[in-house]
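Residue-level listing of the chains:
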Amino acid sequence: MSRRSVERHVAEGSKTRIIDRRRYHVLSVLFVVFFIASMLFMVSGLPEFASPDNPADNEVAEKYLEDSIEDTGAVNAVAGMILDYRAFDTLGESCVLYAATICVMLLLSRTRQTYVKEAAGYLPADQIDLRKEKNPLADDAILTVTLRFLIPIILLYGICVVLNGHLSPGGGFSGGAVISGALILYACAHGELEAENMLGRKLYMTLTCAALGTYCVLKGAIFFMAANHIEDHIPKGIPGSLLSGGVIPLLNICVGIVVACTIYGIYLMFMRGGFEK
Amino acid sequence: MRDILLVFTTNLPEAAAVVLFGIGLGNLILAKNLIRKIIGLNIMDSSVYLFLAAKGYIAGRLAPIIDPSGPVDTSLYIDPIPTGLVLTGIVVSVSVTAFLLALTVRLYERFGTIDIDQILIDLKKIEKQEDEEWT
């Protein structure tokens, strides 16, 4: 096949593509409208919104609400549920976050050699200075000065949300997201190199692994002991006080570390635009 | 038809969730730009959270932060299970979004565009050229 015949072939293909494209548009709009209509019909069969005789509000929810304080020691029934009754579900979630970090790392990180090779196309090798890669927002006076006041407050708020996870709305996931917000703001204001110095890839991966391992071992051991009728002697504390709920505060801290490190790590990976020092 | 319109008075949050899901689905299958596709997927995710949260809500009841003094009155609090499920959903959608965006960055580096049609045309051209080199 010659180059011209290839081009003609592609051109013919794109003509039929346009017709296909139009048909595809019409069909997909029709499909979406039909889909919404049928789902609305389904919703009309549901019990009325916010009614107390909703069949979803059954003995399972009652069991969680009634026995939560006695079984777990946590005042927040949601924290008691996701970190005690369904603790392995939360472990799975944290592992999904960890897997996401690893995937983004695999896709976006390149070795120093590849970067140098690519840059060598337009720069002599001795002029490639990796340290000069900078963020356009870095060293902006307004951002830096504002964040000097804001970051400690945001960090403290995040830590407060994590530590009070068993007493008030919040917990590891939301608190971790707040903490990662503070870390991302720091990376914004001071550039990625400074951020790498503060909390580099090695450190945040180690922290994530350590937190996941602690969670896994702690909760696994407690479940194992409970299943074999061994007393675990972990004090539940007075419900409503900061040190209560058995291991729930510890598990919340672990989840918070995983979430904060994951979101911060993913942000750094996107920020550096795909190369490794 | 009347049933379907009545839904907006009796089950407004659920109906809104369904409509949002449709909008997200339309965005997912119609948009050419990969970033818009990802946004469509995120709209679908959010509609599912809205639906779950709406199913858990009961009028006049409080968030399940239980008063530790005295016996527990379960008719005071909403169902805690959907709240936990939404938490799981949010985490998974954040992870999937990060993964998809990273894939998009790689596609952009390879093809210089994030238009899915352009990428398919380029792929076809590359395949044809490879065939040509083979024969």
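No experiment lies behind these values; they were computed from the predicted model shown.

(A) Seen up close, the pattern of salt bridges. Taken as a whole and judged by the stated rule, the model has five salt bridges over all chains. A salt bridge links A:Asp67 to A:Lys63; the nearest nitrogen and oxygen atoms lie 2.8 Å apart. Of the two residues, A:Asp67 and A:Lys63 are both situated in helix α2 (residues 59–72); the distance of four residues between them amounts to about one turn of the helix. The partly exposed category is assigned to A:Asp67, whose relative accessible area is 23%. The residue B:Arg106 makes a salt bridge to B:Glu109 at a minimum N-O spacing of 3.8 Å. Residue B:Arg106 and its partner B:Glu109 are located together in helix α4 (residues 80–111), separated by three residues, close to a single helical turn.

(B) Examining the nonpolar core more closely. Judged by nonpolar contacts, the single largest core of 23 residues is most densely connected at A:Leu83, A:Tyr215 and A:Val255. Those elements that provide at least two residues to this core are α2, α3 (77–85), α4 (87–108), α8 (201–227) and α9 (248–271) of chain A together with α4 of chain B. Here this core gets six residues from one element, more than from any other, and that element is α9(A). What A:Leu83 contacts, discounting residues up to four positions off in sequence, is A:Thr90, A:Tyr215, A:Lys219, A:Ile248, A:Leu251, A:Asn252 and A:Val255.

(C) How the structure looks around the packing of aromatic side chains. For the coordinates displayed, the defined rule picks out six aromatic pairs over all chains. Measuring from centroid to centroid gives 5.9 Å for A:Tyr204 and A:Tyr264, while their planes differ by 80°, and the two rings are edge-to-face. Of this pair, A:Tyr204 sits in helix α8 while A:Tyr264 is found in helix α9, placing the two residues 60 residues apart along the sequence. The pair formed by A:Tyr204 and A:Tyr264 is uniform in burial state, with each residue classed as buried. Aromatic ring contacts, followed pair by pair, group A:Phe31, A:Phe35 and B:Phe21 into a single cluster. When the ring centre of A:Phe223 is taken as reference, the NZ or CZ atom of A:Lys219 above it lies at 5.2 Å. Directly above the ring of B:Phe111 sits B:Arg110, whose terminal nitrogen or CZ lies 5.3 Å from the centroid.

(D) Geometry of the interface of chain B and chain A. Across the contact, 60 residues belong to chain B and 66 residues belong to chain A. Summing both sides of the interface, chain B and chain A together bury roughly 5,500 Å²; the carbon and sulfur share of this comes to 73%. For the chain B face of the interface with chain A, the top three residues by lost area are B:Leu30, B:Ile66 and B:Lys128, together amounting to 10%. Across the contact surface, chain B and chain A share zero salt bridges. At the junction of chain B with chain A, the criterion picks out seven residue pairs in polar contact (both at pLDDT 80 or more). Elements with a contribution of two residues or more to the side of chain B that touches chain A: α1 (2–10), α2 (12–30), α3 (34–56), α4 and α5 (116–134) of chain B. Looking at which element gives the most residues to the side of chain B that touches chain A, the answer is α4(B), with 18 residues. A class-by-class count of the residues in the side of chain B that touches chain A yields 37 nonpolar, ten polar and 13 charged.

(E) Representation of the side chain of B:Ser47. All names here are of chain B. Topologically, Ser47 is positioned in helix α3. Its relative accessible area of 2% is what places Ser47 among the buried residues. Filtering out sequence-adjacent residues up to four positions away, Ser47 remains in contact with Ala17, Leu20 and Phe21.

(F) Representation of unusual backbone geometry. Residues and elements named next belong to chain A. Even without a glycine there, the phi angle at His229 is positive, about 60°. Mapped onto the elements of the fold, His229 is located in the loop between α8 and α9. With a relative accessible area of 75%, His229 lands in the exposed category.

(G) Here's a closer look at α3(A). Counting buried positions along α3(A) gives eight out of nine residues, so the element sits mostly inside the fold. Residues A:Ala77, A:Val78, A:Ala79, A:Gly80, A:Met81, A:Ile82, A:Leu83 and A:Asp84 constitute the buried set of α3(A). For α3(A), the secondary structure elements touched by its buried residues are α2, α4, α8 and α9 of chain A together with α4 of chain B. The backbone nitrogen of A:Val78 lies 3.1 Å from a side-chain oxygen of the residue at the head of α3(A), namely A:Asn76.

Definitions and limits used
Residues numbered from 1 in each chain as written. Chains lettered and ligands numbered in written order. Predicted model: local features only at pLDDT ≥ 70, side-chain atom pairs only at ≥ 80, totals over all residues. Heavy atoms only, no water. Salt bridge = Lys/Arg side-chain N within 4 Å of Asp/Glu carboxyl O. Helix = DSSP H or I, 4+ residues; strand = E, 2+ residues; numbered from the N terminus. Buried < 20%, exposed > 50% of the residue type's maximum accessible area, 1.4 Å probe, protein only. Core = buried A, V, L, I, M, F, W, Y, C linked by side-chain atoms within 4.5 Å. Contact = heavy atoms within 4.5 Å. Phe/Tyr/Trp six-rings, centres within 6.5 Å; stacked < 30°, edge-to-face > 60°. Lys NZ or Arg CZ within 6 Å of the ring centre and 35° of its normal. Buried area = accessible area lost by both parts, 1.4 Å probe. Polar contact = N/O pair within 3.5 Å; in protein donor to acceptor, adjacent residues only side chain to side chain. Nonpolar A, V, L, I, M, F, W, Y, C, P; charged D, E, K, R; others polar.

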